[in-house]
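The primary structure of each chain is shown beneath.
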Amino acid sequence: MSCILTVIESKNKEIKNSALELLSEARKISSKRNLDNKVIIIGEYEKNNSTQINEFGINALLTGSTDKISKYSPELYRDSLLHTINELKPEIILFSGSAIGKDLAPRIAANIGYNLVTECIDISIIEEGYEIKRPIFAGKIIQTLRFNKTPIVVSLKSNSFTIEKIEENEISIKQIDVNVSEDKKLPILREIIQPQKEVLDVSEASTIVSGGRGMKEPENFKLIEELAEILNAAVGASRAVVDAGWRPHSEQVGQTGKIVSPNLYIAFGISGAIQHQVGMINSKCIVAVNKDKNAPIFKFADYGIVGDLFEIIPELIAELKNK
Ligand SMILES: Cc1cc2nc3c(=O)[nH]c(=O)nc-3n(C[C@H](O)[C@H](O)[C@H](O)COP(=O)(O)OP(=O)(O)OC[C@H]3O[C@@H](n4cnc5c(N)ncnc54)[C@H](O)[C@@H]3O)c2cc1C
C-alpha cells in the first residue's frame, strides 16, 4: 500500500500546533486516496506527548533523534528524512509552512526528484491525482495546479487549514535510523538565543492584541502589552509600526508578516489595509477599535468600536482587572 508521509516538528519536546493542521489534512488525503498515513518527527520529542496526535487517524509515527540532531540542522535532517523516504516511497509528502518546512521541503524535493508545491492553501483529490491551490503575486491571484502524476512534495501555508480531530486510536511508534554521517563537514548549530522575555508567538496564539500606527508612539504599546498579558494573548503589529522600528518583525501580521488564525483578534489603531487583512482574516472573531468610522477594517470586523483607543484600552484593562 502506498503512503502519505507527513513531516512534523517539535519545540521543547512538544509537537507544535502547526503540526495539527498537517495531521488533519493528511488524514483526509489518506482516507480519500486509500493511503497508509505515516508521520515522521525528527529531533527532540517525548513519546508521552503522542497522546496529542493520536486523534488524527495516523497509522505509524516514526521518530528519530540523536544528540547530533536534537536541534534543527538542514543537512542532517535532510539526510535522515531521505533515508526513510527512499524506504517508504510515499506518494505525497507534507511539510508545514514554518521556517524549517520552507527550508527542508525544497531540499527533499530536489534530492528525490519529486514535484514541489509551496504555500499551499487547499488540496483536493481528483481522479488522476491532486488539485492544489496556492496564492501568487502577493496573494492577488490564486493559482490552481493539477498533478496527474505523483509523487509530490507539498508545504502547507500555516493557519490555512482547519484542525479536525477524530476518535483516539492506537499509534504504532517506531524508532528510525537517523543516519548521521560522521565524516561530512557540516555546519553545526552551537546555540539558539531565546528572547529575553518569554513571549507568545502570534502564529500559535489563540488570542492576539494588535496595534497599528494609531498607537502614535512606540511607548504607547505598553497599553497593548498590559492588555495582552491580562488576556494571555500575543502582541501583534501592523507593518507600519514594524517598519518604523516600534515593534519586532516577529510580531508583524499580514502578507509580508505572519498569517494568523486565533479565536480572537483585537486590532487597535489599524486601518485594515488588504495586506494586513490577508494575514488575520481567518481569525474566528475580529474586534476593531478605530476612531475613523470609515476605516476599511470595519468592513470585515465582527465587532467594531468607533472611538479613541487611548480611552478604550484603559477602560478595558480596568474592567478586566475587576473581573
Ligand atoms: C507589498 C506590501 C506588503 C505589505 N505587507 C503588510 C503586512 O504584512 N502587514 C501589514 O500590516 N501591512 C502591510 N503592508 C502595508 C499596508 O499597506 C498598510 O500600509 C499598513 O497595514 C498600515 O498600517 P496601520 O493600519 O497601522 O496604519 P494606518 O493605515 O496609518 O492606520 C492607522 C489607523 O489608526 C487609526 N487611529 C489613529 N489614531 C487613533 C486613535 N487614537 N484611536 C483609534 N484609532 C486611531 C486611524 O484612523 C487609522 O485607521 C504592506 C504593503 C505592501 C505594499
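Residues numbered from 1 in each chain as written. Predicted model: local features only at pLDDT ≥ 70, side-chain atom pairs only at ≥ 80, totals over all residues. Heavy atoms only, no water.

## Comments concerning the nonpolar core
- In this structure, Ile-8, Ile-53, Ile-92, Leu-94, Ile-123, Ile-132 and Val-154 are the most contacted members of the largest nonpolar core, which totals 30 residues.
- If we ignore the near neighbours within four places in the chain, the residues touching Ile-53 are Ile-8, Ile-15, Leu-20, Leu-23, Ile-58, Leu-61 and Ile-171.
- Ranked by size, the runner-up nonpolar core spans 21 residues in total, among them Val-209, Leu-227, Ala-237 and Phe-268. (Core = buried A, V, L, I, M, F, W, Y, C linked by side-chain atoms within 4.5 Å. Buried < 20%, exposed > 50% of the residue type's maximum accessible area, 1.4 Å probe, protein only. Contact = heavy atoms within 4.5 Å.)

## Remarks on the domain arrangement of the protein
- Examined at the domain level, the protein breaks down into domain 1 (3-175) and domain 2 (207-322).
- Here domain 1 and domain 2 have C-alpha centroids that lie 32 Å from each other.
- Domain 1 puts five residues into the contact, and the matching count from domain 2 is five residues.
- In this assembly, domain 1 packs against domain 2 so that about 400 Å² is buried in total across both faces, 41% of it on carbon and sulfur atoms.
- Summed over the shared surface of domain 1 and domain 2, the result is zero salt bridges.
- Taken together, the connections running from domain 1 to domain 2 amount to zero residue pairs in polar contact (both at pLDDT 80 or more). (Domains from an automatic or database assignment. Buried area = accessible area lost by both parts, 1.4 Å probe. Salt bridge = Lys/Arg side-chain N within 4 Å of Asp/Glu carboxyl O. Polar contact = N/O pair within 3.5 Å; in protein donor to acceptor, adjacent residues only side chain to side chain.)

## Observations concerning the state of the cysteines
- Applying the stated criterion to the full structure yields zero disulfides.
- The cysteine Cys-120 is free of any disulfide, with Cys-3 supplying the nearest cysteine sulfur at 18 Å. (Disulfide = S-S within 2.5 Å.)

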